[in-house]
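Coordinate inspection notes
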Amino acid sequence: MGQPVRDYLLTLCVTAAVTYLLTGPVRKFAIAVGAMPAIRARDVHREPTPRLGGIAMFGGLCAGLIVAAHLYNLDSVFQLSSEPRALLSGAALIWLIGVLDDKFEIDALIKLGGQMIAAAVMVIQGLTILWLPIPGVGTVALTQWQGTLLTVALVVITINAVNFVDGLDGLAAGMVCIASAAFFLYTYRLWYGHMIEAAAPATLFTAILMGMCLGFLPHNMHPARIFMGDSGSMLIGLVLAAGAISVTGQVDPDAMKLFAGSEREATHAMLPVFIPLLLPLTIIAIPAADLVLAIVRRTWKGQSPFAADRGHLHHRLLEIGHSHSRAVLIMYFWSALIAFGAVGYSVHSTSLWIALVIVGLSAVGLVLLLMPRFTPRAPRWAERFVPPRYRRWDQRGKSSGAAPSVAYEAQQEPREPQMGQGEHEPPEPARVVIGVSGVNGATAIGPRSRSTESRKADSAR
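A brief structural summary. Predicted model, so just to flag it, every value in this text is computed and none were measured.

Okay, the overall build of the protein next. Tallying secondary structure elements over the protein gives 15 helices and four strands in all. Taken over 461 residues, the protein has a buried fraction of 47%. Put simply, of all contacts in the protein between residues at least 6 apart along the chain, 74% involve residues at least 24 apart. Working note: accessible area of the protein is about 22900 Å², and carbon and sulfur atoms make up 64% of it.

Here it is as structure tokens:
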């Protein structure tokens, strides 16, 4: 068997291309069927935007699996393992539940039950945790019920963690893509470096997941033209959990043959054995922390853990003064630092420079958090190569101090006289802020709303 990195790259590119090409028609379909709910009190966007982006992502998932099944270096994954079939079954079920929620907003408990059923479907078809490497104890075999309960719990936690973090344009897709890239490096090293065939399904899942996120991101970056909705966030959460379960519970630590030499050498060599147990937690560390904080915050206030609010981490970044794009980039930074830091430490656990780099980058991240109102400006000679928000001067040579989302102020428009205002008095001019046309879903079906205030939600997700 040759080195399959080119096959993985081809699978990733096909998945990304199919997802990207399907997102445009899916956006028009979402507008046609009315999958554009009213703006809720916790939302940060200012006009209705179509959902159902998960339809395109599911199409990319199917395309990636079909292509991988016909590649020479990857067809053995489908011949020797039932995990790809288990993933597709569970993904189809969770995707269908998400599509119904995007259109009809089903109850949170019903979604939770659907998530558990989707996890159970994968367990029945063989995608389950069989054993766990525990420090100081070794490899512990799990009973059927223990493995099932642990698998279902990990799937439900991962799905909801990704769903909770899906609050800003491009945030969930970017964070999951970063986590998948780090996970892919680890699982590929297990397969091709240690020749462990059981790590091949997880490597394939992470490559496909990267393609799904990369194909959807161009349509979802701020300002987003379409949202992935629950059909997308729950889908990528399930695929991420499937990869973690596959490499955690299917790879036998004894197959690495690391227990040799002195006790000190064996201790350092055992680190890759325990990384499968820790890495799934590190790649969703930020979403999982947000999930735990949300549950504690809501129960402390006497609310349901499923009640929606504006207390998530990304909402707090906006409240302290960060812009939309800056808040997303900060979340990207911390996700990459945690995920790639764990992978780097698993490869060279004895290298001091890895710890120093992690500490240094953490300091940089803290500095960025303490400078929320700092806006970088490009030099005048480079302004034509950067977005307008980073330019000091506009086309008329005046200082550009407007908000990035404001394109221009409309000319004065008359409005109807208000109560107590005489007809002989001239009407007050209305100052209307108009955004860039053609970016969000509302512009596809009619004129953009001129109101800058968000409407409160009639129902909470």
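With that out of the way, let us pick up the packing of aromatic side chains. For the coordinates displayed, the defined rule picks out six aromatic pairs. Look at Tyr-8 and Tyr-188: their rings are 6.1 Å apart centre to centre, the planes differ by 80°, and that puts the pair in the edge-to-face class. On the criterion of sequence distance, the pair formed by Tyr-8 in helix α1 (residues 5–33) and Tyr-188 in helix α7 (residues 171–194) is long-range, its members being 180 residues apart. For the pair Tyr-8 and Tyr-188, one class covers both residues: buried. Taken together, a centroid distance of 5.6 Å and an interplanar angle of 85° make the contact between Phe-333 and Trp-334 edge-to-face. Three or more aromatic residues link up through ring pairs in this structure, and these residues are Tyr-8, Phe-184, Tyr-188 and Trp-191.

On to helix α8 (residues 200–220), then. Between the first and last C-alpha of α8 there are 30 Å, a value that for 21 residues agrees with the 30 Å anticipated at 1.5 Å per step. Across the 21 residues of α8, 19 count as buried, placing the element largely inside the fold.

Moving on to the pattern of salt bridges. Applying the stated criterion to the full structure yields two salt bridges. For Asp-101, the salt bridge goes to Lys-111, with nearest N and O atoms at 3.7 Å. Of this pair, Asp-101 sits in helix α4 (residues 83–104) while Lys-111 sits in helix α5 (residues 108–124); the two residues are ten residues apart in sequence, bridging distant segments of the chain. Measuring nitrogen to oxygen at the nearest pair gives 2.7 Å for the salt bridge that ties Asp-230 to Lys-111. Taken as a pair, Asp-230 in helix α9 (residues 229–249) and Lys-111 in helix α5 lie far apart in primary sequence, 119 residues in all. Exposure class is identical for Asp-230 and Lys-111. Each is buried.

Conventions adopted
- Residue positions are given per chain, counting from 1 as you read along its sequence in written order.
- Residue-level local features of this predicted model are given only where pLDDT is at least 70; pairs of side-chain atoms are given and counted only at 80 or more, and the full residue set underlies all totals for whole chains, interfaces and linings.
- Only hydrogens and water are set aside; all other atoms, that is, all heavy atoms of the structure, feed into the side-chain values.
- Put simply, DSSP H or I for four residues or longer makes a helix, DSSP E for two residues or longer makes a strand, and each gets a number counted from the N terminus.
- Buried, partly exposed and exposed residues are distinguished by accessible area as a fraction of the type maximum, computed with a 1.4 Å probe on protein chains only: under 20%, between the cut-offs, and over 50%, respectively.
- By definition, residues are in contact when any of their heavy atoms lie within 4.5 Å.
- Per-residue and other accessible areas follow the Shrake-Rupley method at a 1.4 Å probe size, with only the shown protein chains counted as cover for residues.
- In this scheme Phe, Tyr and Trp rings, the latter by its six-membered ring, pair at centre separations within 6.5 Å, and the angle between planes marks the pair as stacked below 30 degrees, edge-to-face above 60, and tilted otherwise.
- Expected span, for any helix, means 1.5 Å times one less than how many residues it has.
- Salt bridge criterion: a side-chain nitrogen from Lys or Arg within 4 Å of a carboxyl oxygen from Asp or Glu.

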